[in-house]
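The chain contents come next:
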Amino acid sequence: MTLRTRCLAIAFSLLILSGIPAVCHAGDANGIDTASVQRGAYIATASDCTACHTAQGGLPFAGGMAISSPVGNIYSSNITPSVSAGIGAYTEAEFARAIRKGIRKDGANLYPAMPYTSYRTLSDDDVSDLYAYFMHGVAPVDLKPQQTSLPFPMNIRLSMKVWNLLFLDSGTFAADPSHTADWNRGAYLVAGAAHCSTCHTPRGFLMQELADRGFTGAQVGAWYAPNITSDPLSGIGTWNQAGLVQYLQTGSLAGNARAAGSMGEAVEHSFRYLSAADINAIATYIHAIPPVRDPGDAASRFSYGQPSSAVVTLRGQNGVRSDDDSAPSGAELFQGNCASCHGAFGQGSKDGYYPSLFHNSATGLANPNNLIAVILNGVDRTSAIGQAYMPGFGGHPSDMNQLSDAEIAALSNYVLSQFGRSGIVVSSNDVAQERLGGPSSPLILLARVGMGLAVFVVLLCAILFSFWYRSRQNTGRLKIS
Amino acid sequence: MSDNYSADVVVVGTGVVGCTVAEHALDAGLSVLMLEAGPRVERWQIVENFRNLPPSLKANWDAAYPPKPWAPHLETYTDASAAEYLQLEGPDALAYRQGYVRYAGGATWHWAGICWRLTPEDMKLKSLYGVGRDWAFDYNTLEPYYTRAEYALGVSGPSDPALQWPPMRSKPYPMGQLPFGPGEQRFTDVAAKIGLHNLPAAQARNSGVSYNGRPACCGNNNCFPVCPIGAKYDAATTLPRIEAKGGVILANAVVYRVETGSKNAVQAVHFFDQDKVSHRVTGKVFVIACNGIETPKILLMSKNEKNSNGVANSSDQVGRNMMDQPKISAQITMAEPLWTGVGPVQSSSIMNTSQGDFRNVHTGALFRMENAARSRVGGLAALKKGLVGKALDAEIRRLSACTATLTIEHELIPLPYNRLTLSAKKDWLGLNKPNIYYDVSDYVRRSTATYTLPILKQLMAGLGTTDSQINNFYTHSDHIMGGCIMGTDPSTSVVDADCRAHDHDNLFLPGGGAMTTGGSGNSTLTMVALAMKASDAIVSQLKAG
C-alpha cells in the first residue's frame, strides 16, 4: 500500500484548538481533562490525521477521502466521536489498538494506508491525549463514508494478519541515551507522529517498508518522495539546519526544492503548526540519518541546470499557432504554458515566489515523476508565508490548459534538457501512468491474472520473504525496544 | 435532420453570459447543450499566437484569434480587412468597430477584466434627467445579482467604501484590491489635485491568491489580448468545469435560425457545422447569448410567417438602441517618467465624472490612464527615429517611461436610430453580415466639447504633459449593448425583467443586448448579473414544469 497519508485541513484543527476553551469550560463539569484534549489536538496535527480523514470539502475527520494505492483506492474512515458512523463507541484501549496495531473495534484489520506501523511508537500519554481529543475536541458527524473495496485477494482483510505478523514490529519508542534530548525528541516524532518513513522509505514486494533502505526515497502515488538521508549527492546533506527547518515550515527552500503533492500537504496541515522546538528536533534527527548514496548520482539533485531559452528559435516562424494541428515542440509548449510565470529562461521570479526550474529537485532527480506530477496536478500549498499555487495541466476541470500525454512528455523533456538533469527521458506512457495516479503494484496484476494461483504465489513469496527480511533487519533503522 | 441534439436548456454562445447560465442550470440539475460558432483552442496557443505577432500588430486584439471561415469576426490588420465582416454606416461608423471573438470562451478572452457596477442613477436616466430610458427595476433589485456575479467571476476590489463604486454593497469583494503601480499612483495623485477621485477598479483578476482554480495575477501586463496564466477571469476557464458538471459543448456550430412553434414558443434552433451541414437542436428553454451583435442578427435572420419582423421582434426594437461607450483617447508625452505597465493593463478609473445633474444636457464619462506597458510603443517609435546603440536604448527607455494614453469613455443613451440590420452581403456560410448605423449623438458631442475635453486637458497639465495628440474622432470600447433592450412594455422593448423575450415564453436573451442603459463603465458585470437573474427565472420556470 503506497500511502498518500498526508493531506487536508489542519486549519480545522486550529479552529478546534482555538475553540477548545469554550468546549472545555463546558466539559470541565463533566470531568473532561481539557489540557489533555489540547495536547491531543497538537498530536493530531503533528500526526496529520486530517490529511486522510478529512475529505476535500468534507467535514473535519468524517473520512471518505480516497487514498490512491497501487492496489486500488482505500477510503479513509470517519474518526469523529459519532457512535453510529465514527469511533464514538471505542474505548481508549480499542482506540490505542487501532492506532498502534491497525485493528478496528470489531476486530477486523485496517489496511496499512493507516500508518499504524509508525503510530505504534506513540507514547501511552500521547495516545491517551489523542483519544481525549477525538472524543471531546472533535464534533461528531453521523455520516458513513464510502467503503473500501479492493480487488481480490487484497479484499480479504484477514490477509493483513499475515502481513502484520511479518511486518509490524511491536514495542514502543525508547530514548537512546547516547544522543541529545533534542535528537531523541526528533527521533520520536519522525518515527511516530510525522511518519516520515511512510513515504520516504522504499517498499518491498508486499508493500512493506524496507528498513535497511530507510529514507532513501520511494514512489508515493504520482509523486516521488526523494532520498532525505544526509548524503550530499543523493540526499539533503547540503542543507543546513536552518534550511531544513525553513523547508518544513514553508515548503520552500529557494534554489533547492519546493514541496508539492503529499509533502505540500504535510507542510500545510502539519509541520507549519508544530512548535519551533519540535521542528528543530525533527531537523536535528533527519540531519543525523546516515548518508546513503545512489551510485547513479554524480551530483546533488539541487545542483543541475542553468538559465537558458530556445525562444529565439520560435519567433518569426509560425505566426498563428492555433490553426496548426501538428504536434507542438517542447519549446513552444514551454513558452505558452510555463514561461509566463517561471520566466523565458526558467529563472523564476526575483522574490522566489515562482521557483527557478534549474537548481530544483523536480528537474534534478533521476526519477522524473515529480516533474510529470507537478505539470499534471499543479501545486496548492499554504503556509505562514502565504499560498503557493500553480494550476495543473492534466485535465482537471480547474486547469487553465489541458495537455495530452504526448504534449506533457515533450514539455518535460524540454524542461529536463534545458534546465535539469540531462539524459532523463520521459515517454507518453510515463505520463499516462502518472495521470492514473502513479505506478500500480505487481500484486494487482497477480491478483487479476492468476487469481487463485496468485494467492499461493503471494503467500509463498511472503513466507520466503519473511525469512529473508527478518535476517536483513539491521541497524539502519531507528532503534525500537 | 436526424440529429439527436436536445437538452433542457440550449445555450447559444459560450461567452461569459452563456457559461454563467449553463453552469447555473447544471447546478440546478438541468441538462445543458452549448453551441459555439467558433473553434475551441487551448490558452497556450493564443498566447503563442500573440507572441509570434510582429510588434506592429500586437495592439490589434483580434490578431491572436484568427477567425474560422464559418465564424467571421472583426479583423483589424488593415482597413480593408476591418471592413470585411461588420458593415458600418452613419456619422460615427468607425466608432462601432466592435472587437469580439467567435471562439469558445467568447470576448472575455481579451477583456480587461474591469467590473464596475451601474449606479442607482445610471438606471433611472429618464425619470431623473429626462433622457434615455429607465430600467425595469432599480439598483436594489440588481444588487444581489451583482454580488453573485462578483463571486462567480472572482472579483478583487477595495474594502474601503470610500474607494468603492458605487459604495452600496451587500457583501465585500471576494478578494482585496490589487496594488497600484507607479503610473496609476501618480495619475491618482494628479487627479486628486484637481478634485477628481481615481478609484481602484473592481476587476475579475486574482489578487495574491488563487480563485476557482485560477492562479494569482503575476503582472504579465498581458490582459489584452489574453491572460497567459488565467489569473483574469475568462469564460474559457469555465468550459472544462461545465463539462465536468455534465454540460455538452459543441464548437464550430453556427446557429443561424430560431424556429418557433405552437403558442409561438421556440421549439428548435438550427446550426451549420463547418462542412455547411445543417442540424436541428430541440430543447425546453433556449438562451441566445452570442453578444450584442450576433444575438440580434440571429433573431432578425429567423423571421417567419408568425414573426415577420424576426423572432422576439414584435416591438421592432431588435437591433435598435445599439450602445457602447464612445471613446476619446489622448497620447501624451511628459517631462517626468510615469512608468505605466506595472500590474494589469487597466486597474483604475475616475468614476464620479459620470454622475451629475448635467446629464439632462450632456452625458457623463469616466477617465482612465491606460496601464499597459509602453515598451512596444516606445520601441517602435525609437526605431523609427533611426537610432542605434546606447542612444536607441536610452530613447526606448524614455519613451516607455514618459508616455501614456489617457482615455475618456462617454455614456451613450439608447437611441432607436443606432440600429443593427441585416446586410445584403453574405458570409462564407451564406448568412447575412450585420450592418450597423451609428451616430453617437449631440448628447455625447456636447459632453466632449464642454465637459470631458476640458477635464482631460486639466489632467494632462497636471501630469506635466509636454506633447500631446488628442483624437478628434470617437472610437469603440467593445461594450456592445442595447440590441435586445429590456423593458416592462412589450410594445417598446424586447425582453422582460428576467431577459425573457416578451414574444416567446421559453426564449431568453441575457447579456449586453438586454441592458437598458450602459453607464460609463464596462458592461460585463452587469451582463453577468442579468445572466444570474435570467438563470433563476429559467430554473424556476423549468422546475415548475
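Residues numbered from 1 in each chain as written. Chains lettered and ligands numbered in written order. Predicted model: local features only at pLDDT ≥ 70, side-chain atom pairs only at ≥ 80, totals over all residues. Heavy atoms only, no water.

Asker: Looking at this structure, I do not really get the overall build of chain A. What am I missing?
Answerer: Of regular secondary structure, chain A possesses 20 helices and eight strands. Long-range contacts, defined as pairs at least 24 residues apart, comprise 67% of the intrachain contacts of chain A with a sequence gap of at least 6. In the form shown here, chain A has an accessible surface area of approximately 19600 Å², with 60% of it arising from carbon and sulfur atoms. (Helix = DSSP H or I, 4+ residues; strand = E, 2+ residues; numbered from the N terminus. Contact = heavy atoms within 4.5 Å. Areas by Shrake-Rupley, 256 points an atom, 1.4 Å probe, with all protein chains shown as cover.)

Asker: What is the right way to read the overall build of chain B from this model?
Answerer: Per the secondary structure count, chain B includes 12 helices and 16 strands. Computed over its C-alpha atoms, the radius of gyration of chain B comes to 22 Å, within 12% of the 24 Å expected for a compact globule of 545 residues. Considered along the principal axes of its C-alpha atoms, chain B spans approximately 70 × 50 × 45 Å. Across the 545 residues that make up chain B, the buried fraction comes to 64%. Long-range contacts, defined as pairs at least 24 residues apart, comprise 73% of the intrachain contacts of chain B with a sequence gap of at least 6. Per element, the accessible surface of chain B, about 18400 Å² overall, is 52% carbon and sulfur. (Rg over C-alpha atoms; globule rule 2.2 N^0.38 Å. Buried < 20%, exposed > 50% of the residue type's maximum accessible area, 1.4 Å probe, protein only.)

Asker: What is the right way to look at the domain arrangement of chain A in this model?
Answerer: Interfaces are often sized by the amount of accessible area the parts lose when they come together. Taken domain by domain, chain A comprises domain 1 (10–167) and domain 2 (311–435). Look at where the C-alpha atoms of domain 1 of chain A and domain 2 of chain A centre, and you get two points 37 Å apart. (Domains from an automatic or database assignment.)

Asker: Hey, could you run me through the nonpolar core in this one?
Answerer: Generally speaking, soluble globular proteins have nonpolar side chains that are buried together. Counting 138 residues, the largest nonpolar core has Leu35, Leu507 and Leu509 of chain B as its most contacted members. The leading source of residues in this core is helix α12 (residues 524–543) of chain B, at 12 residues. If you look at the next biggest cluster of nonpolar residues, it comprises 72 residues, including Tyr90, Ala132, Ala257 and Ala266 of chain A. (Core = buried A, V, L, I, M, F, W, Y, C linked by side-chain atoms within 4.5 Å.)

Asker: I would appreciate a short explanation of the interface of chain B and chain A in the present structure.
Answerer: Contacts between the two partners involve 30 residues from chain B and, on the opposite side, 29 residues from chain A. One can count one salt bridge joining chain B with chain A. One salt bridge connects Arg315 of chain A with Glu48 of chain B, and the closest N-O pair in it is separated by 2.9 Å. Viewed at the interface, chain A and chain B are joined by 10 residue pairs in polar contact (both at pLDDT 80 or more). Per-element accounting of the side of chain B that touches chain A gives the leading share, eight residues, to helix α2 (residues 43–52) of chain B. (Salt bridge = Lys/Arg side-chain N within 4 Å of Asp/Glu carboxyl O. Polar contact = N/O pair within 3.5 Å; in protein donor to acceptor, adjacent residues only side chain to side chain.)

Asker: Honestly, the confidence of the model for chain A in this entry has me stumped. Any pointers?
Answerer: Interpretation of this model should avoid reading the predicted coordinates in detail wherever pLDDT is low. Residue and element names in this part refer to chain A. Confidence along chain A averages 85 in pLDDT terms, with 85% of residues attaining 70 or more. Throughout residues 1–27 the model reports pLDDT below 50, and contacts reaching past four residues in sequence, or to other chains, amount to 88 contacts. The low-confidence segment residues 474–481 (pLDDT under 50) makes 21 contacts with residues lying over four places distant or belonging to another chain. (pLDDT = per-residue confidence, 0-100.)

Asker: Any chance you could explain the pattern of salt bridges here in plain terms?
Answerer: Opposite charge on two side chains permits them to pair, given that their charged atoms come into close proximity. All names here are of chain A. What the rule picks out here adds up to 39 salt bridges over all chains. The partner of Arg293 in a salt bridge is Asp231, with the nearest N and O atoms 3.1 Å apart. Placement of Arg293 in the loop between α12 (276–287) and α13 (330–337) and of Asp231 in the loop between β4 (223–225) and α10 (241–250) is noted, with a sequence separation of 62 residues between them. Accessibility expressed as a relative area gives 44% for Arg293, which makes it partly exposed.

Asker: What is the right way to look at unusual backbone geometry in this model?
Answerer: All names here are of chain B. Cis peptide bonds are those with omega within 30 degrees of zero, and the linkage from Trp165 to Pro166 qualifies with -20 degrees. The linkage connecting Phe224 with the following residue, Pro225, adopts the cis geometry, with an omega of -5 degrees. Positionally, Pro225 belongs in the loop between β4 (198–200) and α7 (239–244). The phi torsion at Asn264 lies on the positive side, around 60 degrees, for a residue other than glycine. Residue position: Asn264 is located in the loop between β6 (254–260) and β7 (266–272).

Asker: Looking at this model, I keep getting lost on α2 of chain B. Mind explaining?
Answerer: Along an α-helix, a turn takes 3.6 residues, which lines up residues three or four apart on a common side. α2 of chain B sits mainly inside the fold: 10 of its 10 residues count as buried. Close packing links the buried residues of α2 of chain B with α13, α14 (339–342) and α17 (405–419) of chain A.

Asker: Mind showing me how you'd approach the sheet that holds strand β3 (residues 87–89) of chain B here?
Answerer: As a general point, the strands of a sheet are linked pairwise by backbone hydrogen bonds and lie either parallel or antiparallel. All names here are of chain B. Reading across the sheet, the three strands line up as β3-β14-β13 and stay open at both edges, with mixed pairing between neighbours. A strand with exactly one partner marks an edge of an open sheet, and here the two such strands are β3 and β13 (420–426). Between one strand axis and the next, the sheet turns through 30 degrees on average, direction left out of account. Examined bridge by bridge, β13 and strand β14 (residues 432–437) share four bridges and lie antiparallel to one another. Considered in β14, the bridge of Leu420 is made with Ile436. Contacting β13 and β14, helix α8 (residues 291–301) crosses the sheet at an angle of about 75 degrees to β13. (Pairing = 2+ DSSP bridges. Axes fitted to C-alpha atoms, helices over the stretch in contact; angles between N-to-C directions.)

Asker: Honestly, the packing of helix α16 (residues 369–377) of chain A against α17 of chain A in this entry has me stumped. Any pointers?
Answerer: For any two helices packed against each other, the geometry comes down to the angle between their axes and how far apart the axes lie. All names here are of chain A. Running from amino to carboxyl end, α16 crosses α17 at an angle of 130 degrees, the nearest separation of the two axes being 10 Å. When the interaxial angle is binned, α16 and α17 end up oblique. As α16 runs across α17, the sense of the crossing is right-handed. For the pair formed by α16 and α17, the contact residues are Leu371, Ile372, Ile375 and Leu376 on the first element and Ile408, Leu411, Ser412, Val415 and Leu416 on the second. Among the residues forming the contact of α16 with α17, the class breakdown is eight nonpolar, one polar and no charged. (Parallel < 35°, antiparallel > 145°, perpendicular 65-115°, else oblique. Left-handed = near helix turned anticlockwise from the far one by under 90°. Nonpolar A, V, L, I, M, F, W, Y, C, P; charged D, E, K, R; others polar.)

Asker: Looking at this model, I keep getting lost on the side chain of Thr201 of chain A. Mind explaining?
Answerer: In this structure, Thr201 of chain A sits in the loop between α9 (197–200) and β3 (218–220). In this structure Thr201 of chain A touches Glu209, Leu210, Arg213, Gly214, Phe215, Gly217 and Ala218 of chain A, once residues within four positions along its chain are discounted.

Asker: Help me understand the pairing of β7 of chain B in this model?
Answerer: On a regular strand, one side chain projects to one face of the sheet and the next to the other, so that they alternate. Residue and element names in this part refer to chain B. Burial within β7 is extensive, with six of its seven residues counted as buried. Direction of pairing for β6 relative to β7: antiparallel, over a ladder of six bridges. Within β7, the residue paired with Val255 across the bridge is Phe271. Hairpin connection from β6 to β7: five residues lie between these consecutive antiparallel strands, with Lys263 at a positive phi of about 55 degrees.

Asker: What am I meant to see in helix α11 (residues 442–462) of chain B here?
Answerer: Residue and element names in this part refer to chain B. For α11, spanning 21 residues, the distance from its first C-alpha to its last is 29 Å, which sits close to the expected 30 Å at 1.5 Å a residue. Bending of α11 peaks at approximately 50 degrees at the position of Thr448. Taken together, the buried positions of α11 are Tyr443, Val444, Ser447, Thr448, Tyr451, Thr452, Ile455, Leu456, Leu459 and Met460. Buried residues along α11 sit in contact with α6 (182–193), β9 (327–334), β10 (348–350), β11 (365–369), β12 (403–410) and β15 (465–470). Phi for Gly464, located one or two positions after α11, is positive at around 75 degrees. (Expected span 1.5 Å × (residues − 1). Bend = angle between axes of the 7 residues up to and from the residue.)

Asker: Please clarify how the state of the cysteines should be interpreted in this entry.
Answerer: Joining two cysteines, a disulfide is a covalent bond between their sulfur atoms. All names here are of chain B. Counted under the stated rule, the structure contains zero disulfides over all chains. Cysteine Cys19 is unpaired, with the sulfur of Cys290 as its nearest cysteine sulfur at 12 Å. Here Cys484 stays unpaired: no disulfide links it, and the sulfur of Cys290, its closest cysteine neighbor, is 9.3 Å away. A relative accessible area of 1% places Cys484 in the buried class. (Disulfide = S-S within 2.5 Å.)

Asker: What should I look at first to understand the side chain of Asp129 of chain A in this one?
Answerer: Residues and elements named next belong to chain A. Its place among the elements puts Asp129 in helix α6 (residues 124–136). Judged by relative accessible area, which is 6%, Asp129 ranks as buried. Beyond its immediate sequence surroundings of up to four residues, Asp129 is in contact with Ser36, Arg39, Gly40 and Ile43.

Asker: Just checking my understanding: could you explain the packing of aromatic side chains for this structure?
Answerer: Between two aromatic rings, the relevant description is the distance of the centres plus the angle of the planes. This structure, assessed with the given rule, holds 25 aromatic pairs over all chains. Arranged with centres 6.5 Å apart and planes meeting at 90 degrees, the rings of Trp111 of chain B and Tyr233 of chain B form a pair that is edge-to-face. Residue Trp111 of chain B is found in the loop between β3 and α4 (125–129), and its partner Tyr233 of chain B is found in the loop between β4 and α7; the two are separated by 122 residues along the sequence. By relative accessible area, Trp111 of chain B is classed as buried at 9%. Here the aromatic residues Phe61, Phe95, Tyr131, Tyr133 and Phe134 of chain A are joined through ring pairs into a cluster of three or more. The ring of Tyr151 of chain B carries Lys171 of chain B above its face, with NZ or CZ at 4.2 Å from the centroid. Of note, Lys276 of chain B hangs over the ring of Trp428 of chain B, and the distance from its end group to the ring centre comes to 4.4 Å. (Phe/Tyr/Trp six-rings, centres within 6.5 Å; stacked < 30°, edge-to-face > 60°. Lys NZ or Arg CZ within 6 Å of the ring centre and 35° of its normal.)

Asker: Mind showing me how you'd approach the environment of Tyr75 of chain A here?
Answerer: With respect to the helices, strands and loops of the structure, Tyr75 of chain A is situated in strand β2 (residues 72–75). C-alpha separation for the pair Tyr75 of chain A and His53 of chain A, spaced 22 residues apart in sequence, amounts to 8.8 Å.

Asker: Quick question: what am I supposed to make of the environment of Ala191 of chain B here?
Answerer: All names here are of chain B. Considering the arrangement of structural elements, one finds Ala191 in helix α6. Each C-alpha atom, one on Ala191 and one on Gly389, is 38 Å from the other, the two residues being 198 residues apart in sequence. Setting aside anything within four residues of it in sequence, one finds Ala191 in contact with Leu196, Asn198, Ile350 and Leu459.

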